[in-house]
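Examining the three-dimensional arrangement
If you want the building blocks of each chain, they are given just below.
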Amino acid sequence: MGNCCSDVAGGRAAVGGTAASHHDPASGTAANDAVDLFLKYRGYNGLFTQIELSLSASNLRDMDVLSKSDPIAVVYTKGKDGKLEELGRTEVVLNSLNPAWITKLSITYHFEVVQNLVFYVYDVDTQFQSIPVKTLKLEEQQLIGEASCTLSEIVTKPTHSLTLSLMNRKESSKSNRSSHLGDLTIHAEECIGSKILTEVILRCSDLEYKDLFSRSDPFLVISKIVESGNPIPVCKTEVKKNDLNPKWNSIFLSIQQVGSKDNPLLIECFNFNSNGRHDLLGKVQKSLAELEKLQYNKQGECLFLPTVVGNNYQNKVLKSQLFVEKFSESIHRTFLDYIAGGCELNFMVAIDFTASNGNPRLPDSLHYIDPSGRPNAYQRAILEVGEVLQFYDSDKKFPAWGFGARPIDGPVSHCFNLNGSNYQPEVEGIQGIMMAYTSALYNVSLAGPTLFGPVINNAAVIASQAVATSQQKYFVLLIITDGVITDLQETKDALVKASDLPLSILIVGVGGADFKEMEVLDADKGDRLENYAGRVATRDIVQFVPFRDVQSGEISIVQSLLAELPTQFLTYMWTREAHLDS
Amino acid sequence: MKTLSRSIEITIISAEDLRIHGRPIKNNAFVAVQTASDATRSTSVDTTGGNYPSWNEMLELPLPREAQFVRVEVQCRTSSGTKAVAGAHVPVSDFAGGWIPDGYLTFLSYRLRKLNGERNGIINLSIRVKGKGDVASSMDGTYFSSSSSSSCGGGGGGGGVAIGVPVMWGKESRIN
């Protein structure tokens, strides 16, 4: 998103690892755009966790005459196009109407996607019970019932369990009576590997001189080696200036990022060059387990450098050594732990009603409501973000505002309630947002200018009230705008003030405007924001992305925004906990 | 009438991009914090961070009722004594009063300025108020004053406090 070439300051900062700014919450390490894009291109996206589903059922309807049913459960994931893809199936439990299946099914939890699951429970005929479960032809079995839900519905329950009633669509259409087919309970468990966070401090000695008149500026890149052979970068350290015996800050790695403790990792030491062409000073290949041994034995490992000898590469062993100063594993509360513990993500939305959108009644306006039902850009952005976030909000009441318009009989308002109320801004559910939006469109006159300050301050008030009453809530404000803001300093002031609150702001730019100026709000691309009084933003709470149409199959750009939300949330939570413990 | 005493626990986390005479400082920076003319504490010296030092050190200081700022100054221990590098004023309203509940841990960062007012890096810290007592200056319980978001300095719930950039800071004495 935005600039592809990394600025020098951004290039020097450490990037990657899990919540790398863990102990230094306010240092605002600028992400390196180039590495970021590279990681995304390779499919390495955001926070994802391995979940195991265990299934059990109760009060299943008896299908057999002489004995009880022999049930099996099959799980499918349902794609956006409605196509079902089998995730896995359990074993067959003989002769039971209350089976607790032992087979666990693995699924990867992606925060930013709505993952639809469909469950079918069949009664397996006696003649098929001796053949392996995988080869069972399901269409030859008797369907007891089906149920469906989303993965977020299961993991947001405090018990991580969801019970659904089985239904049979074909039968219910024939008879009017609803016959009880049974209940299916799904329990989700996060794999223990996800919770372990490894902190590593690395040091090198006797690095070689690469620059002519000064010492090298070394930094490390840690990559994981996959089957295809190409290493995938996992994280990089900050750049140490002018140092041949550098010791870098802590690197935090999770098992997910590296695969497993025994997976080989490629650790490369580069000399930083501002032209982007960094020289390789040496490399070494070690797994996390081997790094742990190095630390325990207080040994160093020699780096080697592939050098050209004739037509081949030979690995020249260098004098430079790598030491592991610290290796410690800790169990951290994961994102799902916080959610299960009662933490909520509250969704808020603010919509741009400035005149630059065009007359809503004309088809070329960004606010045009298509009678055929095709959603406009604003509606699509609300749906994409809202559909994911709604599961994490228990009362599904979302504050919805508009800005830059003149409500009937009033002056221009830069933060008015979409529901038309004078007292409270909340609407019910995503449908509520849509209805309030369409009705507001015909009840206000679009005006201007585009100001974010009032909306951000309002969201910050709500977040601060939750903090003041010790509620475990994290707020996500979605601002959809078609233009560039005119109150840059005021917006910065509001953002600095809100930077220590449990709040993340996603700004989506729709339409064809040039959003270059907006990128200054996203600290990833520049300096930390500063207000008029000299206070600097504690953390980067803004993410900005221009809305683009996606071709089918591509990851939506808004989804990639959402993918970073769990990390922002965790950084906020962990830094508070770290300081409370110390 | 017993006066209630309040104190602050201020954790100096780190500082960024410190310079003396335009050049990055080498080492041995430390931070002095002052809440009243007789209440000053300092961190230990950072020997490895260069011009991006980190301390992660907690200091406890009393906070008088009438205090409106906490002064934070980065100094450098040189062979000839200590040299002031840059400083910042942390308004009490940024970490106490208003919507901030008692005992809440606030993470803050400030632009550091040299004695002559020039910008010189950023300091990162966290503050928590301990003990009970009223906050000085007219603080209301709202997040920000109900006036519209104007850009005049000193707005935002500070009551009568003006916050601005000192032009000639050299007049004030260095924290000893």
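Residue numbers here run from 1 along each chain, matching the order of that chain's written sequence. Chain A is the first chain written and ligand 1 is the first ligand written, with later ones labelled in order. Note on the predicted model: pLDDT of at least 70 is required for a residue's local features to be given, and 80 or more for side-chain atom pairs to be given and counted; whole-chain, interface and lining totals, by contrast, use all residues. Excluded from the side-chain calculations are hydrogens and water; all other atoms, namely the structure's heavy atoms, are used.

Segments assigned H or I by DSSP are reported as helices when at least four residues long, segments assigned E as strands when at least two residues long, and all are numbered from the N terminus. Scanning chain B from N- to C-terminus turns up zero helices and ten strands. Mapped from its N terminus to its C terminus, chain B presents α and β elements in the order β-β-β-β-β-β-β-β-β-β. The buried label goes to any residue with under 20% of its type's maximum accessible area, the exposed label to any with over 50%, and the partly exposed label to all in between, with areas taken from a 1.4 Å probe on protein chains only. Across the 176 residues in chain B, those meeting the buried criterion constitute 46%. When checking whether two residues touch, look at their non-hydrogen atoms; a contact exists if any pair is within 4.5 Å. Contacts in chain B between residues far apart in sequence, at least 24 positions, make up 63% of those at least 6 positions apart. Per-residue and other accessible areas follow the Shrake-Rupley method at a 1.4 Å probe size, with only the shown protein chains counted as cover for residues. With an accessible surface of roughly 8700 Å², chain B has 50% of that area assigned to carbon and sulfur atoms.

Right, let's get into unusual backbone geometry. All names here are of chain A. Omega for the peptide link from Gly448 to Pro449 comes to -10°, which places this bond in the cis form. For Pro449, the location among the structural elements is in the loop between strand S23 (444-446) and helix H10 (453-468). Within the chain, Asn59 stands out as a residue other than glycine whose phi angle is a positive 55°. You can see Asn59 is positioned in the loop between strand S2 (48-58) and strand S3 (71-78). Even without being a glycine, Asn95 presents a positive backbone phi close to 55°.

This part is about the pairing of strand S8 (residues 161-165) of chain A. Regular strands place side chains that alternate from one sheet face to the opposite one. Residue and element names in this part refer to chain A. Covered by surrounding structure in S8 are Leu162 and Leu164 only, the residues Ser161, Thr163 and Ser165 on the alternate face being uncovered. Strand direction decides the pairing type here: S8 and strand S9 (residues 183-190), joined by five bridges, are antiparallel. Across the sheet, residue Ser161 finds its bridge partner in S9, namely His187. Each pair of strands is called paired provided DSSP finds at least two bridges between the two strands.

All names here are of chain A. Where helix H8 (residues 377-389) meets helix H9 (residues 429-441), the axes come as close as 10 Å, and the angle between the chain directions of the two elements is 160°. In terms of orientation, H8 lies roughly antiparallel with respect to H9. Once H8 is placed against H9, the crossing between them reads as right-handed. Contacts between H8 and H9 involve Tyr378, Gln379, Ile382, Leu383, Gly386 and Glu387 on the former and, on the latter, Ile430, Ile433, Met434, Tyr437 and Thr438. Residues of the contact of H8 with H9, tallied by class, amount to seven nonpolar, three polar and one charged. Lines fitted to C-alpha atoms define the axes, with helix axes restricted to the stretch in contact, and inter-axis angles between N-to-C directions lie between 0 and 180 degrees. Reported orientations rely on four angle classes, namely roughly parallel under 35 degrees, roughly antiparallel over 145, roughly perpendicular from 65 to 115, and oblique for the rest. Note on convention: near helix rotated counterclockwise from far helix by under a right angle means a left-handed crossing. Clockwise means right-handed. We call Asp, Glu, Lys and Arg charged. Ala, Val, Leu, Ile, Met, Phe, Trp, Tyr, Cys and Pro are nonpolar, and the rest, Gly among them, are polar.

Let us now look at the packing of aromatic side chains. What counts as a ring pair is set by centres within 6.5 Å for rings of Phe, Tyr and Trp (its six-membered ring), and what kind of pair is set by the plane angle: stacked under 30 degrees, edge-to-face over 60, tilted for all other angles. A full pass over the atoms with the stated rule returns 17 aromatic pairs over all chains. Taking the centre distance of 5.5 Å and the plane angle of 55° together, the rings of Phe515 of chain A and Phe544 of chain A count as tilted. In this pair, Phe515 of chain A is assigned in the loop between strand S25 (503-509) and strand S26 (535-536) and Phe544 of chain A in strand S27 (residues 542-546), connecting sequence segments 29 residues apart. Look at Phe515 of chain A and you get buried, because its relative accessible area is 5%. These aromatic residues form a ring-pair network of at least three members: Phe111, Phe335, Tyr338, Tyr392, Tyr474, Phe569 and Tyr572 of chain A. Above the plane of the ring of Phe323 of chain A lies Arg203 of chain A, whose end atom (NZ or CZ) is 4.4 Å from the centre. Sitting over the face of the ring of Phe30 of chain B, Arg77 of chain B holds its NZ or CZ atom 4.7 Å from the ring centroid. We call a charge positioned above a ring when the Lys NZ or Arg CZ atom is no farther than 6 Å from the ring centre and deviates by at most 35 degrees from the ring normal.

We now examine the confidence of the model for chain B. For residues with low pLDDT, the predicted coordinates do not support detailed interpretation. All names here are of chain B. Of all residues in chain B, 72% attain a pLDDT of 70 or more, and the chain-wide mean is 76. pLDDT runs from 0 to 100 and stands for how confident the predictor is about each residue. The least confident element of chain B is strand S3 (residues 23-24), whose mean pLDDT is 82; the most confident is strand S9 (residues 106-113), at 93. Residue range residues 135-142 is modelled with pLDDT below 50. Its contacts to residues more than four positions away, or to other chains, number 22 contacts. In this model, residues 144-160 is a region of pLDDT below 50 whose contacts with residues beyond four sequence positions or in other chains number 22 contacts. Confidence metrics for the complex model read pTM 0.73 and ipTM 0.75.

This next bit is on the packing of H10 of chain A against helix H11 (residues 488-498) of chain A. Residues and elements named next belong to chain A. Contact pair H10 / H11: the axes reach a minimum separation of 8 Å and the direction vectors enclose 15°. Judged by the angle between their axes, H10 and H11 are roughly parallel. For the pair H10 and H11, the crossing hand works out as left-handed. The residues of H11 that touch H10, namely those facing Gly453, Ile456, Asn457 and Ala460, are Thr491, Ala494, Leu495 and Ala498. Each residue belonging to the contact of H10 with H11 can be placed in one class, and the counts come to five nonpolar, three polar and no charged.

Residues and elements named next belong to chain A. Here Glu146 shows up in strand S7 (residues 142-150). Taking the relative accessible area as the measure of exposure, Glu146 reaches 12% and is therefore buried. Apart from the residues lying within four places of it in its own chain, the contact partners of Glu146 are Phe119, Tyr120, Ser165, Leu166, Met167 and Arg169.

Further remarks concern the nonpolar core. In this structure, Leu53, Phe335, Phe353, Leu477, Ile479 and Ile505 of chain A are the most contacted members of the largest nonpolar core, which totals 121 residues. Membership of the second largest hydrophobic core comes to 35 residues, among which are Phe30, Leu59, Leu125 and Val129 of chain B. By convention a nonpolar core is built from buried Ala, Val, Leu, Ile, Met, Phe, Trp, Tyr and Cys residues, the set being connected through side-chain atoms within 4.5 Å.

The next thing to look at is the pattern of salt bridges. Side chains that differ in sign of charge can pair as their charged atoms come close. Think of a salt bridge as a Lys or Arg side-chain nitrogen and an Asp or Glu carboxyl oxygen that are within 4 Å of each other. All chains considered together, the criterion is met by 15 salt bridges over all chains. Note that Glu530 of chain A is salt-bridged to Arg111 of chain B, the shortest N-O span being 2.8 Å. A residue pair is termed interchain when its members come from two chains, as with Glu530 of chain A in the loop between S25 and S26 and Arg111 of chain B in strand S9. Like Arg111 of chain B, Glu530 of chain A is buried. The salt bridge involving Lys130 of chain B is made with Glu9 of chain B; its shortest N-O contact spans 3.3 Å. Of the two residues, Lys130 of chain B is situated in strand S10 (residues 119-130) and Glu9 of chain B in strand S1 (residues 6-16); the sequence distance between them amounts to 121 residues.

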